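Analysis of the macromolecular model
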Amino acid sequence: MFMTAPEVRVRCAPGPFPSSRAPVRAGPRLPVVVLGGKVWGAMTAVTREVFGRMPQEEGGGEVEKFTLRSGSVKVEILSLGCIIAALETRGRDGVFSDVVLGFDTLEGYTRKHPFFGAVVGRVANRIAKGRFTVHGQDYQLFLNNGPNSLHGGARGFDKVLWSPQVLPNGVCFFRLSPDGEEGYPGDLQVWVTYTLNGEELAINYRAQTSKTTPINLTNHAYFNLAGQGSRDIYDHEISIEADSYLPVDSTKIPTGEVAAVQGTGFDLRQPVELGKHLQKFGLDGFDHNFCLQQEQARHLAARARHPPTGRAMEVHTTQPGIQFYTGNNLDGSLKGKGAVVYPKHSAFCLETQNWPDAVNKPHFPNTLLHPGEEYNHTTWLVFSTA
């Protein structure tokens with residue numbers, strides 16, 4: 001069952017949103033204009049439609065699809081897992097293409113898949129052995145990634161229905177994650193807000209808790225700027241604004257070392273052509289956290305560009321880390337949109353977040369949210385043609 005929020009609790013104000021742990025303050029509301037059955041705000045059209053129904057064993061709830069459209073970008077978002085199901089942007093030739101992996105129907109998203117387009121939590125990424133201690137109390141989470149807990153556990157935020165509220169230029173989703181869900185402490189109220197302004201898609205994450213809890217929210221969209229279904233990402237250029245990264249053990253848990261990228265295959269401070277770079281350094285791919293500026297303000301995290309089409313994307317965030325993942329575990333077994341298959345290295349993820357296993361590593365950035373505080377982070381995806 002999913003929780004439906006009382007209307008007063010869905011407090012959604014269009015961005016930009018700063019990062020803070022300040023006391024809660026309600027934001028202003030912008031005027032709404034309705035034309036031709038569509039909601040318009042800041043030249044963004046917002047529409048909603050039924051996408052399907054969950055299986056009866058999952059509660060049978062209705063899943064809606066929200067389409068945000070500007071002159072430059074079109075994005076489709078589901079109330080299941082706040083999933084980005086499609087994202088179309090223009091190439092140099094003026095043609096729009098969908099640049100995220102996913103499925104045409106709800107059935108694909110209700111089966112096992114690698115978190116395509118979803119918001120993951122309560123804690124994104126891995127927690128070693130699924131264990132942590134808060135205020136002297138030990139907590140054990142469900143282990144769903146070998147010996148570790150990944151992306152919230154067996155039924156994380158990606159697998160539940162959220163309560164939507166349409167905004168003038170986007171949509172806000174709310175849910176209450178109850179105390180004890182997947183082993184985490186505290187009733188956690190969570191808001192995820194998508195707003196589209198021109199070429200910029202903003203994703204704001206906010207949360208409040210009744211007990212001290214770790215929290216780390218991100219979106220797990222898989223991108224291929226050549227268009228979803230393209231064979232690989234080897235001709236993409238990637239750069240990441242990070243002087244250091246986190247080495248990991250055989251189970252992908254950070255060792256605790258914060259290593260300099262200088263002189264290694266992890267030095268992506270200047271753009272590299274991905275295929276040639278992997279070959280040069282003998283890398284099977286990336287699935288690592290890169291350490292960004294430790295600032296609460298918006299900062300550039302990464303750039304991706306596909307020279308043949310001219311499509312480019314910048315990632316800005318208030319988060320201290322970004323997980324760069326090159327689809328190493330995609331194996332062609334899943335049929336996606338248009339019945340295409342997704343082989344290894346056919347997409348990349350740039351997941352803005354706190355550092356993995358931070359709850360067990362005191363020298364990593366703080367990941368604990370306390371009662372009376374507000375978790376508030378934003379990521380901006382800026383699309384262009386070059």
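What you are looking at is a predicted structure, and each value in this text was computed from that prediction instead of being measured.

1. Quick look at the overall build of the chain
The number of helices and strands found in the chain is two helices and 29 strands. For the chain, long-range pairs separated by at least 24 residues make up 66% of all intrachain contacts whose partners lie at least 6 apart in sequence. Counting only carbon and sulfur atoms, one obtains 52% of the accessible surface of the chain, whose full area is about 15,400 Å².

2. Here we look at the side chain of threonine 309
Of note, threonine 309 is situated in the loop between β24 (299-306) and β25 (311-317). Of note is the side chain of threonine 309, whose polar atom sits 3.3 Å from the backbone nitrogen of arginine 311. Aside from chain neighbours lying at most four places away, what touches threonine 309 is Gly91, Arg92, Leu225 and Ala226.

3. Section: the sheet that holds strand β23 (residues 287-291)
Pairing in this open sheet of five strands is antiparallel, and the strands run β21-β20-β23-β26-β27 from one edge to the other. Where the open sheet ends on each side, the last strands, each with one partner, are β21 (259-260) and β27 (349-353).

4. What to know about the environment of lysine 252
By secondary structure assignment, the location of lysine 252 is in the loop between β20 (244-245) and β21. The class of lysine 252 is partly exposed, set by a relative accessible area of 33%. Placed 126 residues apart in sequence, lysine 252 and arginine 126 show a C-alpha to C-alpha distance of 7.7 Å. Among all residues touching lysine 252, those that are not within four sequence positions of it are Arg126 and Asp287.

5. Structural notes on the confidence of the model for the chain
With 89% of its residues at a pLDDT of 70 or more, the chain has an overall mean of 90. Contacts of residues 1-10 to residues separated by more than four positions or lying in other chains number 17 contacts, the stretch itself having pLDDT below 50. Confidence drops under pLDDT 50 across residues 13-42; counting only partners more than four residues distant or on other chains, this segment forms 63 contacts.

6. Regarding unusual backbone geometry
Along the chain, glycine 121 connects to arginine 122 via a cis peptide bond; the corresponding omega equals 15°. Looking at where arginine 122 falls in the secondary structure, it is placed in the loop between β8 (119-120) and β9 (126-127). Unusually for a residue other than glycine, cysteine 82 sits at a positive phi of about 50°. Looking at the secondary structure, you find cysteine 82 in the loop between β5 (73-78) and β6 (84-90).

7. Thoughts on the packing of aromatic side chains
Throughout the structure, instances matching the rule amount to 19 aromatic pairs. Here the aromatic rings of phenylalanine 157 and tryptophan 162 are separated by 5.8 Å at their centres, their planes lie at 85°, and the arrangement is edge-to-face. In this structure phenylalanine 157 comes out as buried when scored by relative accessible area, which is 1%. Each residue in the set Phe103, Tyr109, Phe116, Tyr222, Tyr325 and Tyr342 is aromatic and connected to the rest through ring pairs, giving one cluster. In this arrangement the basic side chain of arginine 206 is found over the ring face of tryptophan 191, its NZ or CZ atom lying 4.8 Å from the centre. In this structure, arginine 298 packs its charged tip against the face of tryptophan 380, placed 4.5 Å from the ring centre.

8. Overview of the environment of glutamate 76
Along the chain, the position of glutamate 76 falls in strand β5. With 11 residues separating them along the chain, glutamate 76 and leucine 87 place their C-alpha atoms 6.4 Å apart. If near-sequence neighbours (up to four positions away) are discounted, glutamate 76 is found in contact with Lys65, Phe66, Thr67, Ile83, Ile84, Ala85 and Ala86.

9. Comments concerning the sheet that holds β24
If you walk across this open sheet you meet the nine strands as β13-β14-β15-β16-β29-β25-β24-β19-β22, and the pairing is antiparallel. What marks the edges here is a single partner per strand, and that holds for β13 (163-167) and β22 (272-273). Sheet analysis places β24 next to β25, joined by seven bridges and oriented antiparallel. In the sheet register, arginine 305 faces β25, and the bridge partner there is alanine 312.

10. Describing the pattern of salt bridges
Enumeration over the complete set of coordinates arrives at 21 salt bridges. Close ionic contact of aspartate 357 with lysine 361 constitutes a salt bridge, the shortest N to O distance being 2.5 Å.

11. Here we look at the nonpolar core
In this structure, Leu87, Tyr194, Phe223, Ile240, Phe290, Phe324 and Phe348 are the most contacted members of the largest nonpolar core, which totals 59 residues. Among the elements that take part in this core, strand β15 (residues 188-197) stands out by supplying five residues, more than any other. For phenylalanine 324, the residues in contact, after removing those within four places along its chain, are Ile238, Ile240, Leu268, Leu274, Phe286, Asp287, His288, Phe290, Phe348, Cys349 and Leu350.

12. Some details on the side chain of threonine 212
By secondary structure assignment, the location of threonine 212 is in the loop between β16 (200-209) and β17 (213-214). At a separation of 3.1 Å, a polar atom in the side chain of threonine 212 contacts the side chain of histidine 135. Side chain to side chain, threonine 212 and histidine 370 meet in a polar contact 3.0 Å long. In contact with threonine 212, other than residues within four places in its own chain, are Val134, His135, Pro185, Leu368, Leu369, His370 and Pro371.

How each quantity is defined
- Residues numbered from 1 in each chain as written.
- Predicted model: local features only at pLDDT ≥ 70, side-chain atom pairs only at ≥ 80, totals over all residues.
- Heavy atoms only, no water.
- Helix = DSSP H or I, 4+ residues; strand = E, 2+ residues; numbered from the N terminus.
- Contact = heavy atoms within 4.5 Å.
- Areas by Shrake-Rupley, 256 points an atom, 1.4 Å probe, with all protein chains shown as cover.
- Polar contact = N/O pair within 3.5 Å; in protein donor to acceptor, adjacent residues only side chain to side chain.
- Pairing = 2+ DSSP bridges.
- Buried < 20%, exposed > 50% of the residue type's maximum accessible area, 1.4 Å probe, protein only.
- pLDDT = per-residue confidence, 0-100.
- Phe/Tyr/Trp six-rings, centres within 6.5 Å; stacked < 30°, edge-to-face > 60°.
- Lys NZ or Arg CZ within 6 Å of the ring centre and 35° of its normal.
- Salt bridge = Lys/Arg side-chain N within 4 Å of Asp/Glu carboxyl O.
- Core = buried A, V, L, I, M, F, W, Y, C linked by side-chain atoms within 4.5 Å.

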